[in-house]
Amino acid sequence: MRTVIEGCAIATIDAAGTEHRDGHLVLEGDRIVAVGEGPAPEAGARRIDGRGCLATPGLVNCHHHLYQWATRGLAQQATLFEWLVELYPVWAHVDAEVEWAAARAGLAALARSGCSTSTDHHYVFPAGAGDLLEVEVQAARALGVRFHPCRGSMDLGRSDGGLPPDAAVEDRDVILAASEAAIDRFHDPAPGAMVRVALAPCSPFSVTAALMAETAQLARRRGVRLHTHLAETLDEEAFCQQRFGVRPVQYLDDLGWLGDDVWLAHCVHLNAEEIARFGASRTGVAHCPSSNARLGAGIAPVVDLARAGAPVGLGVDGGASNEAGALSVELRQALLVARLGRGPAALTARGALALATIEGARCLGRDDELGSLEAGKLADIALWRLDGLDHAGIEDPVAALVLGAPCPVDLLLVGGRAVVESAELRTGDAEEIAADIARQSRRLLDRVAAAA
Ligand SMILES: [Zn+2]
C-alpha cells in the first residue's frame, strides 16, 4: 500500500533547491515515488497529516563513537590529548553489555533528533570483550536505523611513541583480518542497504603508517570506504611534524588517503593549499562543531571546503565530547560556529541543512539514494513539528528548524518504516534504554575503580 504525507512544507534539498509551502510526498515500499505541491492525487493510500510540519530528508550523521555514550560527562575541562589520556583506561573496560546499552542509547538520541542514517567509528576492542562491532550492528538493526559502522583500529602504543596505552592497541595482522571479516559479515553493497561497512584506523597519533597504507589497500580491494580523524588539534599537527616531518594532510596524502572514497573527521587546522587539495580530490569532511567547541579544538573551515568542492557532512562525534548527541542541534551549531569565524553570511540555514543531508550522503557514498526528497530515492524522511510554542510565527520553516529552539522530530521514517512517531521512539522502549545505559555507565566506572 502507498503512503501519502500531505499538508506539510517540504525542503527537498534537490539540486535545484526545490521547496513546497504546502506539499505532498508519496511513498511505496522503501522508496519515494512522488514529491510535489498541493494535495496528493492518490486515492486509497494511507494518509499522514503533515499540517504544521516541515518535511526534510532524514539527517545523516557522519561521525560518532557510540560506545562513548557510557562515558559522558567525564574530563570536562580537558584538551583532546588530555581527554584521551584520561579516558583510554576507562574505555579499556568496555564490554558487550556496555556497548549494547551505549549503542542503543546513542542511536535512540540520533533517531529522536531526525537522524535516519548514522555511521559509527569503533576503534576500542579490549581483549576478551567480544565482537563489539557486531553488538552495535545488532543495536542499529533493532532500532531500524540505517547504519555505516567503521571497523576502527589502533596499533601505535605509548612504548612506540603513540598516545594510547600499549594495552589499548591491537596487532596489525589481527586488525587487518578483523577488518576483512567485518566486511564479509556486515557489508551490504546492494541498493537500499541498511548496513554498509567502512574501515577506519583511528588517528595519526594512534596508528602506524604501515597500518594506514595496508588498510587503504584492503578497502580499495573490497570496495568499501575509508575514514579517520584528521587535523583536529594543533597538538596533532605538532605530533605529525615531529614524528613524520610533515603536516597531517601531507602525511595522509603520502599514504594514498585522499580521494572520493575517503571522508575525514574534524579537519579543523587546514591551510588554503590543503583545502584546495581536499576539493580537487573530493575528499569528504565530517564537521563536528559541538565536539570541536567542547574540546576547544577550533573552527573548521567548512565554508572554504565546500566552496572548493569537498563534500562536508555533519557529525555529533562521540558522547564523551558531545553529551547531547543530537544531530538536529548540530545544524544550528554549524551555522553559529561558521558565523563566529566568518561573519553572518558565512553559512545560511539552508546551507546548514544541506550539510546534514545531501552533503552527508556524499560523504558516505549514498547520495544516489539518500540525502534529498526525490522520486526514486529511499523513503528516509524527517517530519518536524513547527506549530508549537517554540516555533509558531517563524514564517520560514527552514529558519524555524535551524535557527529556532532544538526541535525533536515528530515523525522519522527509515525506508518508509516509522522509527519515531508522535515524537516517541517506536522501535525501542526509551525508558528501558535509559535505565540500561544508567546501569551500564555505573557498572563501567565500578569496573575501572576495581582495577585501579
Ligand atoms: Zn571522533
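Residues numbered from 1 in each chain as written. Predicted model: local features only at pLDDT ≥ 70, side-chain atom pairs only at ≥ 80, totals over all residues. Heavy atoms only, no water.

## Section: the coordination of the zinc ion
The protein atoms that coordinate the zinc ion are His63 (NE2), His65 (NE2), His229 (NE2) and Asp317 (OD), at distances of 2.1 to 2.5 Å. Geometry at the zinc ion is irregular, judged from the 4 donor atoms that bind it and their angles of 88 to 178° at the metal. For the zinc ion, the single-chain donor residues occur in sequence as H-x1-H-x163-H-x87-D. Highlighted residues: His65 in the loop between strand E6 (59-61) and helix H1 (80-91) and Asp317 in the loop between strand E13 (312-314) and helix H11 (327-342), separated in sequence by 252 residues. Classification of His65 by relative accessible area gives buried; the value is 2%. (Donors = N, O, S within 2.8 Å, 3.2 Å for Na, K, Ca; no water. Tetrahedral: all angles 85-135°; square planar, octahedral: opposite > 155°, others 65-115°. Helix = DSSP H or I, 4+ residues; strand = E, 2+ residues; numbered from the N terminus. Buried < 20%, exposed > 50% of the residue type's maximum accessible area, 1.4 Å probe, protein only.)

## Here we look at the side chain of Ser441
Structurally, Ser441 is set in helix H14 (residues 430-451). At 3.4 Å, the side chain of Ser441 and the backbone oxygen of Ala70 are in polar contact. Residue contacts for Ser441: discarding those within four places in its chain leaves Trp69 and Ala70. (Polar contact = N/O pair within 3.5 Å; in protein donor to acceptor, adjacent residues only side chain to side chain. Contact = heavy atoms within 4.5 Å.)

## Considerations on the pairing of strand E16 (residues 417-421)
Of the strand pairs in this sheet, strand E15 (residues 409-414) and E16 are connected by 4 bridges, and their pairing is antiparallel. The residue bridging Leu412 from the neighbouring strand is Val420, located in E16. In textbook terms, the turn of a hairpin is the stretch between consecutive antiparallel strands, and for E15 and E16 this stretch comprises 2 residues, one of which, Gly415, has a positive phi near 60°. As defined by bridge partners, E16 adjoins strand E17 (residues 424-425) across 2 bridges and the pair is classed as antiparallel. By the bridge assignment for E17, Glu421 is matched with Glu424. Between E16 and E17, which follow one another and run antiparallel, lie 2 residues, and Ser422 among them has a positive phi close to 50°. (Pairing = 2+ DSSP bridges.)

## Quick word on the packing of aromatic side chains
Enumeration according to the criterion identifies 9 aromatic pairs in this entry. Seen in terms of ring centroids, Tyr67 and Trp91 are 5.2 Å apart; in terms of plane orientation they differ by 90°. Their pairing is edge-to-face. Here Tyr67 is found in the loop between E6 and H1, whereas its partner Trp91 is found in helix H1, with 24 residues between them in sequence. Exposure class is identical for Tyr67 and Trp91. Each is buried. An aromatic cluster is built from Tyr67, Trp83, Tyr88, Trp91 and Tyr123, whose rings are joined through pairwise contacts. Just above the ring of Phe125 sits the side chain of Arg151; from NZ or CZ to the centre is 3.7 Å. (Phe/Tyr/Trp six-rings, centres within 6.5 Å; stacked < 30°, edge-to-face > 60°. Lys NZ or Arg CZ within 6 Å of the ring centre and 35° of its normal.)

## Quick word on the pattern of salt bridges
Following the criterion strictly, the structure yields 37 salt bridges and no others. A salt bridge links Arg350 to Glu19; the nearest nitrogen and oxygen atoms lie 2.6 Å apart. Taken together, the residues span a long stretch of sequence, with Arg350 in helix H12 (residues 349-363) and Glu19 in strand E2 (residues 19-28) at a distance of 331 residues. By relative accessible area, Arg350 is classed as partly exposed at 34%. The salt bridge partner of Glu134 is Arg185, with a shortest N-O separation of 3.0 Å. Remark: Arg185 occurs in helix H4 (residues 172-186) and Glu134 occurs in helix H3 (residues 132-143); sequence separation between them is 51 residues. Classification of Glu134 as partly exposed rests on a relative accessible area of 27%. By relative accessible area, which is 45% here, Arg185 ends up partly exposed. One network of salt bridges, in which partners are shared, links Asp30, Arg31, Arg196, Arg366 and Glu369. (Salt bridge = Lys/Arg side-chain N within 4 Å of Asp/Glu carboxyl O.)

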